[in-house]
Amino acid sequence: MRFPPLCCSALLAPLLWSGCVVGPDYEKPVTSVAATYEHPVPGPSGSDKAALPKDSWWTVFKDPILDRLEQEATAASPTIRAAVARRDQAWALARVDRSALFPQATVAAGGDRSRVSDRLRASTRPSVSTTISLPVDLSYEVDLWGRVRRTLESGVARAEASEADYRQILLSVQADVARAYFSLRALDEERELLRQTVESRGRALEIVRRRFELGAGNDFEVSVAETERASAEGDLLAVEQERTAVRHALAVLTGRLPESFDLELTALAPRAVPAIPVGLPSELLERR
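Q: Can you explain the packing of helix α3 (residues 78–99) against helix α4 (residues 147–213)? Please cite residues and give values.
A: Two elements in contact, α3 and α4, have axes separated by 8 Å at closest approach and are oriented at 165°. Classified by the angle their axes make, α3 and α4 are roughly antiparallel. Of the two possible hands of crossing, α3 and α4 adopt the one that is left-handed. Residue composition of the contact of α3 with α4, by class: 14 nonpolar, 4 polar and 7 charged.

Q: Give a description of helix α2 (residues 64–76) that names residues and reports values.
A: In this model α2 runs 18 Å from its N-terminal to its C-terminal C-alpha over 13 residues, within 8% of the 18 Å that 1.5 Å per residue would give. Every buried residue of α2 is accounted for by I65, L66, L69, E70 and A73. Each buried residue of α2 lies within a common arc of 130° when the element is viewed along its axis, so the set occupies one face. Facing away from the buried side of α2, by more than 90 degrees, are the exposed residues P64, Q71 and A75. Among the structural elements, α3, α4 and α5 (219–253) are those in contact with the buried residues of α2. The N-capping residue of α2, defined by a side-chain oxygen 3.0 Å from the backbone nitrogen of I65, is D63.

Q: Tell me what's going on with the packing of α2 against α4, and back it up with residues and numbers.
A: One way to put it is that α2 packs onto α4 with a least axis distance of 10 Å and a crossing angle of 140°. In terms of axis orientation, α2 runs oblique to α4. The handedness of the crossing between α2 and α4 is right-handed. Along its contact with α2, which presents I65, L66, L69, E70, A73 and T74, the element α4 presents L170, V173, Q174, V177, A178, Y181 and F182. By residue class, the composition of the contact of α2 with α4 is 10 nonpolar, 2 polar and 1 charged.

What counts and how
- Per chain, residue numbering runs from 1 following the sequence as it is written.
- It should be noted that, the model being predicted, local features are given only for residues of pLDDT at least 70 and side-chain atom pairs only at 80 or more, the latter also being counted only at that level, while totals for whole chains, interfaces and linings use all residues.
- Side-chain descriptors were evaluated using all non-hydrogen atoms of the structure, hydrogens and water having been removed beforehand.
- A fitted line through C-alpha atoms serves as each axis, taken over the contacting stretch for helices, and the angle formed by two N-to-C directions is quoted from 0 to 180°.
- Secondary structure elements follow DSSP: runs of H or I of four or more residues count as helices, runs of E of two or more count as strands, with numbering from the N terminus.
- Any angle between 65 and 115 degrees counts as roughly perpendicular, while under 35 counts as roughly parallel, over 145 as roughly antiparallel, and the rest as oblique.
- For any pair of crossing helices, the crossing counts as left-handed if the nearer helix is rotated counterclockwise from the farther one by less than a right angle, and right-handed if it is rotated clockwise.
- Gly falls in the polar group here, along with every residue not listed as nonpolar (Ala, Val, Leu, Ile, Met, Phe, Trp, Tyr, Cys, Pro) or charged (Asp, Glu, Lys, Arg).
- Take the residue count of a helix, subtract one, and multiply by 1.5 Å to get its expected span.
- Working definition: with a 1.4 Å probe on protein chains only, accessible area under 20% of the residue-type maximum means buried, over 50% means exposed, and in between means partly exposed.
- Along the arc lie the directions from the helix axis toward the C-beta atoms.
- Here, two residues are considered to be in contact whenever any of their heavy atoms come within 4.5 Å of each other.
- Throughout this description, a polar contact denotes any pair of N or O atoms lying within 3.5 Å of each other; where both atoms belong to protein, one of them has to be capable of donating a hydrogen while the other can accept it, and for residues adjacent in sequence the pair is counted only when both atoms sit in side chains.

Written as structure tokens, this is what we have:
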């Protein structure tokens, strides 16, 4: 029994279509993991994870100043802006790759306006004529070999990677802001303690000098008291310099000038630190 050529082409087209796609489909590697964690962890269960802070993770500290700094950094950081631009560019290129799956229409409008001299034209012909052309070209590439589909898959993968990079950069900047803020708080507390130490060593030095003037002391005691006060003053100066560096870093992270940025935090009450349970599972790596 013989089939006509058209019938044979119709029967072979699905086979050619399925067998000529470029490259195999991507399959995610399977990793063997335990169904449950060995040690139970106190806190929210798997169904309650939606209640945990994600993008605004710093709100667990319940610090309004930190909340304001994080918002300023997210809105003004040039690093985050560059990451957003790269992410948007990647998704735009993915949409361009997707457009190849659909027919392409090209319109090239044109016009021409001419005038014929009165001496050359016929009596019934107008002297001015206008010609308008609107050609439309319609093209469509049959993705027989899977080139367009593979290009689209590659573009979407690059866009997803760019999205992940943006999230990582956003988290990194937010973590740097929180780290600098808490370092500034700690340095303010240390600075206040050193100021009190300098005052105490100064009063002790006055007492030793007074004793020496009255004949109840010696030069060695005065030298020791002066050394202790100078040592405390040196420690205070080192803390002041470190605080200035941290303050400048925090100003840059929030998009402000270091000269006009300062936070006096010595009068603030200490904040409660969130409790960290013992024996955290590996799922915490996804939220670090």
